[in-house]
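Notes for the structure review
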Amino acid sequence: MHINMLTKEKVISSLNDLPEKFSIDELIDKLMLLQKIETGLEQSKKGEVFSTEDAKGMLKQWSK
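Residues numbered from 1 in each chain as written. Predicted model: local features only at pLDDT ≥ 70, side-chain atom pairs only at ≥ 80, totals over all residues. Heavy atoms only, no water.

Of regular secondary structure, the protein chain possesses three helices and zero strands. Along the protein chain, helices (α) and strands (β) appear in the sequence α-α-α when read from the amino end. For the protein chain, whose C-alpha radius of gyration is 16 Å, the value lies well above the compact-globule estimate of 11 Å for 64 residues. Taking all 64 residues of the protein chain together, 9% fall into the buried category. (Helix = DSSP H or I, 4+ residues; strand = E, 2+ residues; numbered from the N terminus. Rg over C-alpha atoms; globule rule 2.2 N^0.38 Å. Buried < 20%, exposed > 50% of the residue type's maximum accessible area, 1.4 Å probe, protein only.)

In structure tokens:
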């Protein structure tokens, strides 16, 4: 499994969006969100996506 790497630029930009004082939990949440977004964008570029109909079908299965 390949893990997408974050760039310093994106991490620094993300840090600049945080308030002057923040908890370590907020920092970790922010970095995890950034990583998930990067992973999703990379998956989208590779065509590793689900159609709306596929997603609706999965949602129906999960809600049973």
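Now for the packing of helix H1 (residues 8-17) against helix H2 (residues 24-45). Here H1 crosses H2 at 135°, and the two axes come no closer than 10 Å. Taken together, the axis directions place H1 and H2 in an arrangement best described as oblique. As for the relative orientation of H1 and H2, their crossing is right-handed in sense. Listed contacts from H2 to Lys10, Val11, Ser14, Leu15 and Asp17 of H1 are Leu27, Lys30, Leu31, Leu34 and Glu38. For the contact of H1 with H2, a count of residues per class yields five nonpolar, one polar and four charged. (Axes fitted to C-alpha atoms, helices over the stretch in contact; angles between N-to-C directions. Parallel < 35°, antiparallel > 145°, perpendicular 65-115°, else oblique. Left-handed = near helix turned anticlockwise from the far one by under 90°. Contact = heavy atoms within 4.5 Å. Nonpolar A, V, L, I, M, F, W, Y, C, P; charged D, E, K, R; others polar.)

Let us now look at the pattern of salt bridges. Where charged atoms of side chains with opposite charge meet at close range, the side chains can pair. A full pass over the atoms with the stated rule returns one salt bridge. As a salt-bridge pair, Glu38 and Lys10 come within 2.9 Å of each other at their nearest N and O atoms. Placement of Glu38 in helix H2 and of Lys10 in helix H1 is noted, with a sequence separation of 28 residues between them. For Lys10, a relative accessible area of 37% gives the class partly exposed. (Salt bridge = Lys/Arg side-chain N within 4 Å of Asp/Glu carboxyl O.)

Accessibility expressed as a relative area gives 17% for Glu38, which makes it buried. Polar side-chain contacts of Glu38 include one of 2.9 Å to the side chain of Lys10. Not counting residues within four places of it along the chain, the set of residues in contact with Glu38 comprises Asn4, Leu6 and Lys10. (Polar contact = N/O pair within 3.5 Å; in protein donor to acceptor, adjacent residues only side chain to side chain.)

Next up on the list: the side chain of Ser14. Assignment of secondary structure puts Ser14 in helix H1. In this view, Ser14 contacts Lys30 and Leu34; residues no more than four positions away in its chain are not counted.

Let us now look at H2. Compared with the 32 Å implied by 1.5 Å per residue over 22 residues, the 32 Å span of H2 between its first and last C-alpha is a close match. Taken together, the buried positions of H2 are Leu27, Leu34 and Glu38. Burial along H2 is one-sided: seen end-on, the buried residues are contained in an arc of 35°. Of the exposed residues in H2, those oriented more than 90 degrees away from the buried face are Asp25, Asp29 and Lys36. Next to the buried residues of H2 lie H1. Where H2 ends, the next residue or the one after it, Gly47, has phi of about 80°, a positive value. (Expected span 1.5 Å × (residues − 1). Arc of directions from axis to C-beta.)

That's the geometry; what it means functionally is another story.
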